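One letter stands for each residue in the lines below.
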Amino acid sequence: MKRFLEFFKPLTQADLGADRVVPPSGFTVRLTVFTSAAMAFLTVFALALSLAADRLATSWGEELARSSTIRISAPAGQMAAQTEAALKVLTQTPGVASARALTDEEQQALLEPWFGPGLPVDQLPVPQLIEIAETSEGYDSEGLRLRLQAEAPGAVLDEHTRWRKPLVAAASRLNLLGWVSILLITATTGAMVTLAANASLAANAQVIEVLRLVGATDGYIASAFVRRYTLRVLTGAAVGTVLGFVAILLMPDGSDAGGFLTGLRFQGWHWLWPAVVPPLAALVAFAATQAAARRVLGELA
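Student: Looking at this structure, how should I read the pattern of salt bridges?
Tutor: When their charged atoms lie close together, side chains carrying opposite charge are able to pair. The full count for this structure, using the stated rule, is three salt bridges. Arg-100 is the salt-bridge partner of Glu-106, the closest N and O atoms lying 2.9 Å from each other. For Arg-100, a relative accessible area of 36% puts it in the partly exposed group. A salt bridge links Glu-131 to Arg-100, with the shortest nitrogen-to-oxygen separation between them at 3.4 Å. You can see Glu-131 sitting in strand E3 (residues 128–134) and its partner Arg-100 sitting in strand E2 (residues 96–101), a full 31 residues away along the chain. When its relative accessible area of 40% is taken as the criterion, Glu-131 is described as partly exposed. Counted as one network, the salt bridges with shared partners bring together Arg-100, Glu-106 and Glu-131.

Shown next, in the form of structure tokens:
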């Protein structure tokens, strides 16, 4: 614990004399604050994207795993009889919680995005769809297929497996992409701070030499750069996080349209996640500046 506190000592103990070593204003200051704010803003959106993709993968996995569909293709005179036979088989199948045949209006709503409104379902050879809801135990799909083949030859069971797996895999990869983006943004922030600290240390090489001549230690000099750059990044990251939080808050709720892009808002306790971004950015800046100061001061020795 003592070593941990010693590591953060340059940040927790202010020294106005040491702070004068680093220029308090200038182009590098504005650039550091702006870049850290931009990185924090992007981190909030990457975090929202990752969490939304995770919710989507869970939702698709659970909902599609517990549902399936029977498609009945039969001559018009046999459609009603085969539909009734299929429903009867389903009521006798263990693991089937409920089953119902979709109405013409529901099937028309499903086809409307492709064929437009006013589709005459009753005049077209559209298959009859039966929606199946499973219990937690599930049913024997192979046994059900055999019974349907005997009772309703035109019925085809679709367990949604070929749809569910690619969708869940795509959402999971999107979730991973979000976290990879956060790692890349974090690495970019560290690289930016390292370059800025190196430039500032190099520009103050003569000042550092004078401080050494009057007895200042490398730890004393490094603490000035560590504290200054950590606070700059913390300030910029806080501003960027607030702006990102507000932008996410202004996005429409997913329940309004039911789409993925409208469901990027945080939900529940996930709204607390953005609060982690500024301290994380400050920690990265602290470590990067500490490493840069040690290296440059070692080269100037």
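Student: Looking at this model, I keep getting lost on the packing of helix H9 (residues 205–213) against helix H10 (residues 218–250). Mind explaining?
Tutor: Each pair of packed helices can be summarised by the angle the axes make with each other and by the distance between the axes. Following both chains from N to C, one finds H9 and H10 inclined at 140°, their axes separated by 10 Å at the closest point. Classed by the angle they form, the pair H9 and H10 counts as oblique. Between H9 and H10 lies a crossing of right-handed hand. Facing H9, whose interface residues are Ile-208, Leu-211 and Arg-212, H10 presents Asp-218, Ile-221 and Phe-225. Of the residues assigned to the contact of H9 with H10, the class counts are four nonpolar, no polar and two charged.

Student: What's the story with the sheet that holds E3 in this structure? I'm lost.
Tutor: For sheets, the rule is that strands pair by backbone hydrogen bonds, running either parallel or antiparallel. Spatial ordering of the open sheet is given by E2-E3-E1-E4, a layout of four strands whose pairing is antiparallel. The sheet terminates laterally at E2 and strand E4 (155–158), the two strands that pair on one side only. Going from strand to strand, the sheet's axes swing by 20° on average, the running direction of each strand aside. Alignment of strand E1 (residues 67–72) against E3, held across six bridges, turns out to be antiparallel. What sits directly across from Thr-69, in E3, is Glu-131. Of the strands in this sheet, E1, E2, E3 and E4 are in contact with helix H5 (residues 76–91), which crosses E3 at around 5°. The sheet strands contacting helix H7 (residues 141–151) are E1 and E4, and the helix crosses E4 at an angle near 165°.

Cut-offs applied
- Residues numbered from 1 in each chain as written.
- Predicted model: local features only at pLDDT ≥ 70, side-chain atom pairs only at ≥ 80, totals over all residues.
- Heavy atoms only, no water.
- Salt bridge = Lys/Arg side-chain N within 4 Å of Asp/Glu carboxyl O.
- Buried < 20%, exposed > 50% of the residue type's maximum accessible area, 1.4 Å probe, protein only.
- Helix = DSSP H or I, 4+ residues; strand = E, 2+ residues; numbered from the N terminus.
- Axes fitted to C-alpha atoms, helices over the stretch in contact; angles between N-to-C directions.
- Parallel < 35°, antiparallel > 145°, perpendicular 65-115°, else oblique.
- Left-handed = near helix turned anticlockwise from the far one by under 90°.
- Contact = heavy atoms within 4.5 Å.
- Nonpolar A, V, L, I, M, F, W, Y, C, P; charged D, E, K, R; others polar.
- Pairing = 2+ DSSP bridges.

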